[in-house]
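Okay, here's what each chain looks like letter by letter:
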Amino acid sequence: ADSAMGIVCIAPRGGVIFTFQPGSWNLTDFSKKLASNVTSSLVGDEKGSLWIATPSGISHIDGEAVITHGLGIEIPGMPSEGGTIKTGPAGEIWVNYADRDWFFDGPGGIEATTGKRASSPFHCLGRTAENDLPVCRTDQNATHVSSSGVAFVSWLGADKWHETASDELRYSWRVAGGKWSPFLALTNTTISGLAAGRHLFELRCRDLDGNINRSTSSLVLAIPYPLWRQPWVLLALGLTLATLLVFALYIIRERERHIATVGRLKLDFYTRVSHELSTPITVVISTLENLKEDHSLERISPALSRALRNAWRLQRTLDDIFALRKSEEGKLHLQLIQADAQTIIAEETDSLRAEAERKGVRLEYTPNTDTCEMRLDAEQLHRIVGNLISNGIKFTPAGGRINVCLRKIQQDRLVEILVEDDGQGIAKSDLPHIFEQYFRTGEPFAPTTKGAGVGMAVVKEIITHWGGNIEVESPVTTSHGNHRGTRFRVTLPVS
């Protein structure tokens, strides 16, 4: 047979078809798909389909599927060697058949066995090509979708004028734009493995003439989401999380506001107390200094000295609180002058040596340079060194040492002040907080821990404002070989 596509087809017995295209032969096995594996005749039509006549009926191959009984009518008794199938100019199908003797001998032939003229009839049947498209639609009433991703879809179909019976229509379908299924005689299917969401199901049908309706019938398969993915659940969850986030931010802001308020109130309290005590302390110090110079009171001079020392200690604490308040208000200003830092540090060390000796602590000052001229604020430098030495005296037991060292570093661009002791040291957990306001190492309310907790904070604020830096190490290997104690390292710019 010669198809309209220019392909030569040969169908021997056995249900196989050889096709020849320029350059090669191809073999396709259609056994068990044709009406019979014995081929009487075959012909190609203008649509590129192949019609195959067999003793059991006419089969139709349109390139997508095999229609076993493609003509819609049965051809009884068509012999394997007594029939042909042809196509007409209007696309009609002509089936001609008679018995084998008539086919070979013709109307005037003589039967080989009896010598009588054959009288078997010759049959010629024609079927006009029908180009009307079949229609199909999904049956939504019989369609079911489950949350497990399984959908059962049913459909109906009909050919115009019933040229092809409904049970002879073939259907093909696809899901979500995937590959079309083969044309089958099914009127329903079960689709599994569908994910949650919306999937487009498309259906098309074909009649016995090979007419395929390309205008598909479609249906949206809506697989419900699990409860936790339902839009209203997600919305409720989002609102809940947003509410919790807003509430958490509110709590954090309120806590920060509370901490800031408490800190401000605490500093205000210290400031007011300092103001209230400043004038009386000044009067007490002045009175004690006058009494100490009175030689008639030499008998009580030691007591006057103790009172004077404690009055000065209280005065330094009040000065630290004032300096801290000025720093927080942005009113801390350095009064820089050209002076010798070594002289100032030596003076501050000498003023605290007697206090160290009373506690049994040895205080040493070892400058590495004869002079150290720099731009400095003498009052603030006194406060920095005084606080660091006082802190060492406070936490160094009797028999301990405190060493103060001064030197220039980085080609004389920086001045380094070291204050180290071999006292009890600072706990590792306390090191990150040592420069915080009101923080005291160890047990904050222990009677052996003196101070208001503002000295180190003031030192940090002054040095930062100066453009310098302060570091703390604990424990350290001191200049005397002890692996304990604390070392404060202060660096300040020379100019």
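Residues numbered from 1 in each chain as written. Predicted model: local features only at pLDDT ≥ 70, side-chain atom pairs only at ≥ 80, totals over all residues. Heavy atoms only, no water.

1. Notes on the overall build of the protein chain
Point 1. Counting its secondary structure elements, the protein chain contains six helices and 26 strands.
Point 2. Buried positions account for 40% of the 495 residues belonging to the protein chain.
Point 3. A separation of at least 24 residues holds for 58% of the contacts in the protein chain among residues at least 6 apart in sequence.
Point 4. Per element, the accessible surface of the protein chain, about 27,600 Å² overall, is 55% carbon and sulfur. (Helix = DSSP H or I, 4+ residues; strand = E, 2+ residues; numbered from the N terminus. Buried < 20%, exposed > 50% of the residue type's maximum accessible area, 1.4 Å probe, protein only. Contact = heavy atoms within 4.5 Å. Areas by Shrake-Rupley, 256 points an atom, 1.4 Å probe, with all protein chains shown as cover.)

2. Overview of the nonpolar core
Point 1. Membership of the largest hydrophobic core comes to 46 residues, with the highest contact counts inside it found for Leu381, Leu388, Ile417 and Trp466.
Point 2. Counting residues per element, this core draws most heavily on helix H6 (residues 455–466), at seven residues.
Point 3. Ignoring anything within four residues of it in the chain, the contact list for Trp466 reads Leu334, Leu336, Met374, Arg375, Leu376, Asp377, Gln380, Leu381, Ile384, Leu492 and Pro493.
Point 4. Judged by nonpolar contacts, the second largest core, of 15 residues, contains Ala151, Tyr171, Trp173 and Ile223. (Core = buried A, V, L, I, M, F, W, Y, C linked by side-chain atoms within 4.5 Å.)

3. Brief notes about the pattern of salt bridges
Point 1. Under the defined criterion, the tally for this structure stands at 13 salt bridges.
Point 2. Here Arg170 ties to Glu168 by a salt bridge, and the two come within 3.8 Å at their closest N and O atoms.
Point 3. According to the relative accessible area criterion, Arg170 is buried, its value standing at 16%.
Point 4. A relative accessible area of 26% means that Glu168 is categorised as partly exposed.
Point 5. Here Glu473 ties to Arg487 by a salt bridge, and the two come within 3.6 Å at their closest N and O atoms. Here the residue Glu473 occupies a position in strand S23 (residues 469–473), and Arg487 occupies one in strand S26 (residues 486–493), the gap between them amounting to 14 residues.
Point 6. What emerges from the salt-bridge pattern is a single network uniting Arg407, Glu416, Glu420, Glu471, Glu473, Arg487 and Arg489. (Salt bridge = Lys/Arg side-chain N within 4 Å of Asp/Glu carboxyl O.)

4. Focus: the environment of Glu347
Point 1. Turning to its location among the elements, Glu347 is positioned in helix H4 (residues 341–358).
Point 2. Accessibility expressed as a relative area gives 44% for Glu347, which makes it partly exposed.
Point 3. Glu347 sits 35 residues away from His382 along the chain, and the two C-alpha atoms are 8.5 Å apart.

5. Points about the confidence of the model for the protein chain
For residues with low pLDDT, the predicted coordinates do not support detailed interpretation.
Point 1. Taken over all residues, the pLDDT of the protein chain has a mean of 81, while the share at 70 or more is 83%.
Point 2. Per-element confidence in the protein chain is highest for strand S15 (residues 188–191), whose mean pLDDT is 95, and lowest for helix H1 (residues 100–105), whose mean pLDDT is 64.
Point 3. Counting interchain partners and residues more than four positions distant, the pLDDT-below-50 stretch residues 109–115 has 10 contacts.
Point 4. Low pLDDT (under 50) marks residues 443–449, which in the prediction has five contacts with non-local residues, meaning those over four places away or in another chain. (pLDDT = per-residue confidence, 0-100.)

6. Details of helix H5 (residues 378–395)
Point 1. With 18 residues, H5 ought to run about 26 Å at 1.5 Å a step, and its terminal C-alpha atoms sit 26 Å apart, in line with that.
Point 2. When you tally the buried positions in H5, you get 14 out of 18 residues, the bulk of the element.
Point 3. Regarding H5, its N-cap is Asp377, as a side-chain oxygen of that residue lies 3.1 Å from the backbone nitrogen of Glu379 further along. (Expected span 1.5 Å × (residues − 1). Polar contact = N/O pair within 3.5 Å; in protein donor to acceptor, adjacent residues only side chain to side chain.)

7. What about H4?
Point 1. Taking 1.5 Å per residue as the helical rise, H4 with its 18 residues ought to reach 26 Å, and the 27 Å between its terminal C-alpha atoms agrees with that figure.
Point 2. The largest bend in H4 amounts to roughly 35 degrees and is located at Leu352.
Point 3. Listed in full, the buried residues belonging to H4 are Ala341, Gln342, Ile344, Ile345, Glu348, Thr349, Leu352, Glu355 and Ala356.
Point 4. Downstream of H4 by a residue or two, Gly360 has a phi angle that is positive, lying close to 80 degrees. (Bend = angle between axes of the 7 residues up to and from the residue.)

8. What to know about unusual backbone geometry
Point 1. In the segment running from Ser474 into Pro475, the intervening peptide bond is cis, with an omega of -5 degrees.
Point 2. Within the secondary structure, Pro475 sits in the loop between S23 and strand S24 (476–477).
Point 3. Positive phi is not limited to glycine here, since Gln410 has a value of about 50 degrees.
Point 4. Mapping Gln410 onto the fold places it in the loop between strand S21 (401–409) and strand S22 (414–421).
Point 5. At Asp412, a residue that is not glycine, the phi angle is positive and equals roughly 65 degrees.
Point 6. Considering the arrangement of structural elements, one finds Asp412 in the loop between S21 and S22.

9. Observations concerning the sheet that holds strand S16 (residues 197–206)
Across a sheet, strands are paired by hydrogen bonds formed along the backbone, either parallel or antiparallel in direction.
Point 1. Taken together, three strands build an open sheet; the order of strands is S14-S16-S17 and the sheet is antiparallel. This sheet does not close on itself; its edge strands, each paired only once, are strand S14 (170–175) and strand S17 (217–223). Within the sheet, the average angular offset between the axes of one strand and its neighbour, ignoring direction, is 25 degrees. (Pairing = 2+ DSSP bridges. Axes fitted to C-alpha atoms, helices over the stretch in contact; angles between N-to-C directions.)

10. Concerning the sheet that holds strand S8 (residues 83–87)
Point 1. Sheet architecture is open: three strands sit in the order S8-S9-S10, paired in antiparallel fashion. Among the strands making up the open sheet, the edge pair consists of S8 and strand S10 (123–127). Sheet twist, expressed as the average angle between the axes of neighbouring strands with direction ignored, equals 15 degrees.
Point 2. In this sheet, S10 lies alongside strand S9 (residues 93–97) in antiparallel orientation, the contact comprising five bridges.

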